Amino acid sequence: MNAQFPAPADAAPAPQRPVVLIGPMAAGKSFLALHMSKFYGYDFVDADQVIVSRHGVIPKIFAEHGEKYFRDLEADTIAEVLRDPDHANAIFSVGGGAPMTPSVREMLRHELVAYLKVDTETVLPRISGNRTRPMLQPDPERRWQELYEARRGCYEELADITLDGTRNRPVAEIGADLEAAITRLRSGAPDTTQEVQA
Ligand SMILES: Nc1ncnc2c1ncn2[C@@H]1O[C@H](COP(=O)(O)OP(=O)(O)OP(=O)(O)O)[C@@H](O)[C@H]1O
Ligand SMILES: O=C(O)C1=C[C@@H](O)[C@@H](O)[C@H](O)C1
Ligand SMILES: [Mg+2]
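Residues numbered from 1 in each chain as written. Chains lettered and ligands numbered in written order. Predicted model: local features only at pLDDT ≥ 70, side-chain atom pairs only at ≥ 80, totals over all residues. Heavy atoms only, no water.

The name given to the chain in an unreviewed UniProt entry is Shikimate kinase, and the organism recorded there is Kocuria dechangensis. Of the chain, the UniProt comment under Sequence similarities (unreviewed entry) reads exactly: "Belongs to the shikimate kinase family." (UniProt positions renumbered as here; feature names shortened; annotations may be inferred.)

1. Things to note about the site of ligand 2
Ligand 2 sits among Met25, Asp48, Ile58, Phe70, Arg71, Glu74, Gly95, Gly96, Gly97, Met135 and Arg151. Arg71 is positioned with one of its side-chain polar atoms (N or O) 2.7 Å from an oxygen atom of ligand 2. A distance of 2.6 Å is found between an oxygen atom of ligand 2 and a side-chain nitrogen or oxygen belonging to Arg151. Alone, ligand 2 offers 310 Å² of accessible surface; in the complex the protein occludes 94% of this. Among the detected pockets, ligand 2 sits in the largest pocket. If you tally residues by element for the shell around ligand 2, the top one is helix H4 (residues 67-83), at three residues. Here the shell around ligand 2 is built from residues that sort into four nonpolar, three polar and four charged. (Near = heavy atom within 4 Å. Polar contact = N/O pair within 3.5 Å; in protein donor to acceptor, adjacent residues only side chain to side chain. Areas by Shrake-Rupley, 256 points an atom, 1.4 Å probe, with all protein chains shown as cover. 1 Å grid on protein atoms, 1.4 Å probe; cavity = no way out; pocket = protein on both sides within 12 Å on 5 of 7 lines; lining within 4 Å. Sits in = over half its atoms within 2 Å of the grid points. Helix = DSSP H or I, 4+ residues; strand = E, 2+ residues; numbered from the N terminus. Nonpolar A, V, L, I, M, F, W, Y, C, P; charged D, E, K, R; others polar.)

2. Structural notes on the UniProt feature "binding site: substrate" (unreviewed entry) in the chain
In this numbering, the UniProt entry assigns the feature "binding site: substrate" (unreviewed entry) to Asp48, Arg71, Gly96 and Arg151. Narrowing the list just given to those that line the largest cavity leaves Arg151. Relative to the helices and strands, Asp48 resides in helix H2 (residues 47-55). Residue Asp48 is classed as partly exposed on the basis of its relative accessible area, which comes to 24%. With respect to the element layout, Arg151 can be found in helix H7 (residues 140-158). (Buried < 20%, exposed > 50% of the residue type's maximum accessible area, 1.4 Å probe, protein only.)

3. Section: the packing of helix H6 (residues 120-127) against H7
Where H6 contacts H7, the two axes come as close as 9 Å, and the packing angle between them is 135 degrees. Overall, the two elements H6 and H7 adopt an arrangement that is oblique. Here H6 and H7 pass one another in a crossing that is right-handed. In contact with Thr120, Val123, Leu124 and Ile127 of H6, H7 contributes Pro140, Glu141, Trp144 and Gln145. Residues of the contact of H6 with H7, tallied by class, amount to five nonpolar, two polar and one charged. (Axes fitted to C-alpha atoms, helices over the stretch in contact; angles between N-to-C directions. Parallel < 35°, antiparallel > 145°, perpendicular 65-115°, else oblique. Left-handed = near helix turned anticlockwise from the far one by under 90°. Contact = heavy atoms within 4.5 Å.)

4. Some words on the layout of surface pockets
Approximately 540 Å³ is the volume found for the largest pocket. Every residue lining the largest pocket is counted, 26 residues in all, and those nearest its centre are Met25, Asp48, Ile58, Gly95 and Arg133. When residues of the lining of the largest pocket are traced back to their parent elements, those giving at least two are helix H1 (29-40), H2, helix H3 (58-65) and H4. The residue inventory of the lining of the largest pocket, partitioned by class, reads 13 nonpolar, seven polar and six charged. (Points joined across faces, edges and corners; volume = space filled by probe spheres on them.)

Here is the structure:
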């Protein structure tokens, strides 16, 4: 939950901060962040993509070094992006498991966080039969649901904005909701996003 928003009325404007997108695997975080860069002019940064560009593909990192090594790289990457003034205007998508790392969770408590919520009907076709995502093996549908149940409380706790990504909503609609919520929160008004059922 964000500590900087809203700023007191008489305070100097706070420096711009990135908006961090969280949510389960294949919810559409990276897709939405890219859309926001194309349609609203935000900087696009994706933690998984930064890791892959530096260290190679994620399945290989897991296979060669294990999950803990990946989580450390992920936490370091997120810390680096969040302190980089060049990314102050970013929509920053992070991996589905990132908020489960305590140090990441602590960083996100001080940022503007948007949680992209999805339902199983929307997401399962996107991951069905997947053989590459290490956290989803060996049974992607079952593993996705287990991870979602274990992580949803954490997503909900961190969220300043909850986005409705259920019913396969078009990214343009989700993006318009996100843009409206960012504008509202940065102007000091409370978020009125409706809770959605997943
Ligand atoms: N709103 C949408 N409508 C239709 N397809 C979508 C939508 N959002 C995402 N997708 C599709 O779902 C797939 C997963 O999306 P994406 O990679 O953005 O998920 P993610 O949340 O970033 O997952 P990860 O945690 O693995 O990084 C992509 O193939 C993308 O094209
Ligand atoms: O949900 C997860 O634990 C993961 C999600 C992906 O975005 C990657 O960060 C990686 O495959 C792990
Ligand atoms: Mg992604």
